[in-house]
Amino acid sequence: MNAYFQQAKFIQSATRAATLPPETAAEIAFAGRSNSGKSSTINRVCAQKSLARTSKTPGRTQLINFFALPDGCNLVDLPGYGYAKVPEPVKLQWQAFIEAYLSKRSTLKGLILVMDVRHPLTDFDQNLLYWAEQGQLPVHILLNKADKLKRGQAAKSLLEVRQALRESDISAIDLSVQLFSAQNGQGLEALWTHLESWLGRTAQTESLSSQG
Ligand SMILES: Nc1nc2c(ncn2[C@@H]2O[C@H](COP(=O)(O)OP(=O)(O)OP(=O)(O)O)[C@@H](O)[C@H]2O)c(=O)[nH]1
Ligand SMILES: [Mg+2]
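These numbers come from a predicted model, not from an experiment.

Observations regarding the pattern of salt bridges
Moving on, step 1. Under the criterion given, the structure shown has 4 salt bridges.
Moving on, step 2. Between aspartate 116 and arginine 118 there is a salt bridge; the shortest N-O distance is 2.8 Å.

Pasting the structure below:
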């Protein structure tokens, strides 16, 4: 349990840059392919079952949804990319928005990049990493749905992703990777610690409960 994140509340949706809330406090965005589990991850972080809408149908989150924490910091649920059925003009519009958001949003402290552990580092993910690097934005990668793999397979995937990142050109940003499961909470403590450090908080997790 983490009382800080548990108090998150939905504040608003936005469709484009003009409708974003003002840049008043730190925020962290959750990005990744459609269906990778961004919304489920936010719900797990905040211990709320239906704070962010999740769905078996890819492309569910069409809007940029903002969730406010008690001190005014925001968690941001971005629409997924890579969903084949989205019309081309919408894809281009989305790409333009994300590039602008990642490079210009002054309050953005970091990006949580959610991937399916079984299909990591797609072209779309690489593209996002490129834009994060352009914006000098730290990225923490979640290899989500780790519950779908045996422990050994998941560990292997983690090593492979770390290796691939070391060999890639992305060197200028603070980049980290962990296994995660929005379904069973594996890796949650590590994720909280990361989010809290980006938001300039000291970790609150240990003192509250040891069960995570
Ligand atoms: N087994 C398992 N399923 C998960 C996990 N995380 C998410 N899911 C499932 O994956 C599907 C998609 O989850 P969402 O959280 O809606 O994914 P999203 O990335 O927000 O998707 P879009 O909003 O469409 O971009 C749902 O059926 C979730 O229940 C996980 O850790 N393990
Ligand atoms: Mg979603």
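After that view of the structure, there is still more to cover.
Points about the sheet that holds strand β2 (residues 27-32)
Moving on, step 1. Pairing is mixed in the open sheet, where 7 strands are placed in the order β1-β3-β4-β2-β5-β6-β7. Bordering the open sheet on either side are β1 (9-14) and β7 (175-179), each of which pairs with just one other strand. Each strand of the sheet is rotated relative to its neighbour by a mean of 20°, with strand direction disregarded.
Moving on, step 2. Those strands touched by helix α5 (residues 151-167) are β6 (139-144) and β7, and its axis lies near 170° from that of β7.

A word on the packing of helix α3 (residues 88-104) against helix α4 (residues 123-134)
Moving on, step 1. Put simply, α3 and α4 touch, their axes get as near as 9 Å, and they point 35° apart. Read as a crossing pair, α3 and α4 show a hand that is right-handed. Facing α3, whose interface residues are Gln95, Ile98, Glu99 and Leu102, α4 presents Asn127, Leu128, Trp131 and Ala132.
Moving on, step 2. Here the residues of the contact of α3 with α4 are counted per class, giving 5 nonpolar, 2 polar and 1 charged.

Things to note about the confidence of the model for the chain
Moving on, step 1. Averaged over all residues, the pLDDT of the chain is 89; the fraction at 70 or higher stands at 93%.
Moving on, step 2. When pLDDT is averaged over each element of the chain, β6 comes out on top at 98 and helix α7 (residues 205-208) at the bottom at 48.
Moving on, step 3. Counting interchain partners and residues more than four positions distant, the pLDDT-below-50 stretch residues 206-212 has 8 contacts.

Observations concerning the nonpolar core
Moving on, step 1. Counting 36 residues, the largest nonpolar core has Ile64, Leu78, Tyr101, Leu111 and Leu143 as the members making the most contacts within it.
Moving on, step 2. Put simply, the parts of the chain that give this core at least two residues each are β2, β3 (64-68), α3, β5 (108-116), α4, β6, α5 and β7.
Moving on, step 3. Counting residues per element, this core draws most heavily on α3, which supplies 5 residues.
Moving on, step 4. Apart from the residues lying within four places of it in its own chain, the contact partners of isoleucine 64 are Gln12, Ser13, Ala14, Thr15, Arg16, Leu20, Val76, Asp77, Leu78, Pro79, Trp94 and Phe97.
Moving on, step 5. Ranked by size, the runner-up nonpolar core spans 26 residues in total, among them Tyr4, Val45, Leu195 and Leu199.

Considerations on unusual backbone geometry
Moving on, step 1. Despite not being glycine, asparagine 35 has its phi angle at roughly 75°, a positive value.
Moving on, step 2. Structurally, the position occupied by asparagine 35 is in the loop between β2 and α2 (38-45).
Moving on, step 3. For asparagine 35, a relative accessible area of 35% gives the class partly exposed.
Moving on, step 4. You will see that glutamine 136, though not glycine, has its phi angle at about 55°, which is positive.
Moving on, step 5. Mapped onto the fold, glutamine 136 is located in the loop between α4 and β6.

Observations concerning the environment of tryptophan 94
Moving on, step 1. Inspection of the secondary structure puts tryptophan 94 in helix α3.
Moving on, step 2. In the structure, tryptophan 94 is positioned 74 residues away from serine 168 in sequence and 25 Å away in space, judged by C-alpha atoms.
Moving on, step 3. Ignoring anything within four residues of it in the chain, the contact list for tryptophan 94 reads Ile64, Leu78, Pro79, Gly80 and Tyr81.

Examining the packing of aromatic side chains
Given two aromatic rings, one states the distance between the centres and the angle between the planes to describe the pair.
Moving on, step 1. The full count for this structure, using the stated rule, is 6 aromatic pairs.
Moving on, step 2. Note on tyrosine 4 and phenylalanine 5: the rings are 5.0 Å apart at their centroids and 65° apart in plane angle, and the pair reads as edge-to-face. This pair shows no difference in class: tyrosine 4 is buried, exactly as phenylalanine 5 is.
Moving on, step 3. One aromatic cluster is present, formed by Trp94, Phe97 and Tyr101 through successive ring pairs.
Moving on, step 4. Its end group placed over the ring of tyrosine 4, arginine 201 keeps NZ or CZ at 3.4 Å from the ring centre.

Conventions adopted
Residues numbered from 1 in each chain as written. Chains lettered and ligands numbered in written order. Predicted model: local features only at pLDDT ≥ 70, side-chain atom pairs only at ≥ 80, totals over all residues. Heavy atoms only, no water. Salt bridge = Lys/Arg side-chain N within 4 Å of Asp/Glu carboxyl O. Pairing = 2+ DSSP bridges. Helix = DSSP H or I, 4+ residues; strand = E, 2+ residues; numbered from the N terminus. Axes fitted to C-alpha atoms, helices over the stretch in contact; angles between N-to-C directions. Contact = heavy atoms within 4.5 Å. Left-handed = near helix turned anticlockwise from the far one by under 90°. Nonpolar A, V, L, I, M, F, W, Y, C, P; charged D, E, K, R; others polar. pLDDT = per-residue confidence, 0-100. Core = buried A, V, L, I, M, F, W, Y, C linked by side-chain atoms within 4.5 Å. Buried < 20%, exposed > 50% of the residue type's maximum accessible area, 1.4 Å probe, protein only. Phe/Tyr/Trp six-rings, centres within 6.5 Å; stacked < 30°, edge-to-face > 60°. Lys NZ or Arg CZ within 6 Å of the ring centre and 35° of its normal.

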